[in-house]
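# Structural characterization, general
Here is how the chains run, residue by residue.
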Amino acid sequence: MSLKFENIFLNTMPKSGSVYIRQTIFNTLKNSKIVENFSNGYGLIDQLNVRSFIEFVESPIISIAQAHLEASNINLQLINYMDSKLVLHLRDPRQ
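Residues numbered from 1 in each chain as written. Predicted model: local features only at pLDDT ≥ 70, side-chain atom pairs only at ≥ 80, totals over all residues. Heavy atoms only, no water.

### Overview of the overall build of the chain
A count of helical and extended segments in the chain gives three helices and four strands. Seen in sequence order, the chain has helices and strands lined up from the N terminus as β-α-β-α-β-α-β. The buried share of the chain, taken over its 95 residues, is 35%. Of all intrachain contacts in the chain linking residues separated by at least 6 positions in sequence, the fraction that spans at least 24 positions is 71%. Accessible surface, the chain as shown: approximately 6700 Å² in total, 55% of it carbon and sulfur. (Helix = DSSP H or I, 4+ residues; strand = E, 2+ residues; numbered from the N terminus. Buried < 20%, exposed > 50% of the residue type's maximum accessible area, 1.4 Å probe, protein only. Contact = heavy atoms within 4.5 Å. Areas by Shrake-Rupley, 256 points an atom, 1.4 Å probe, with all protein chains shown as cover.)

Take a look at the structure:
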């Protein structure tokens, strides 16, 4: 029996170790790729790049993406289109 992995999307807070986590997942999985330029890069008001997101969702190999997205209507609609689990990694700011 072979396991089927889905694409991995990390929505994180800035300075939460998200790049390290993304790289660790990438190094652990074989035949995966990191998706860059997944969003517009404007911090906590970040919007998904629709074209990049659709390519991510429809990728035939395991893709790993990371962003700092807000819970805007468009972001939530696109994430619902993904029809998958969303991983949210939070870090206590007091750490």
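### Things to note about helix H2 (residues 50-57)
Where H2 is concerned, the buried positions are Ser52, Phe53 and Phe56. All buried residues of H2 fall inside an arc of 100° around its axis, so they share one side. Residues of H2 that are exposed and point over 90 degrees away from its buried face: Arg51 and Glu55. Those residues of H2 that are buried are in contact with strand E1 (8-12), strand E3 (62-67) and helix H3 (73-82). (Arc of directions from axis to C-beta.)

### Some details on the pairing of E3
The side chains of a regular strand alternate between both faces of the sheet. Within E3, six of the six residues are buried, leaving the element largely enclosed by the surrounding structure. Side chains Ile62, Ile64 and Gln66 of E3 all project onto a buried face; the interleaved residues Ser63, Ala65 and Ala67 project onto the opposite face, where all are buried too. Note: E1 against E3, four bridges, orientation parallel. Opposite Asn11, over in E3, you have Ala67 as the bridge partner. (Pairing = 2+ DSSP bridges.)

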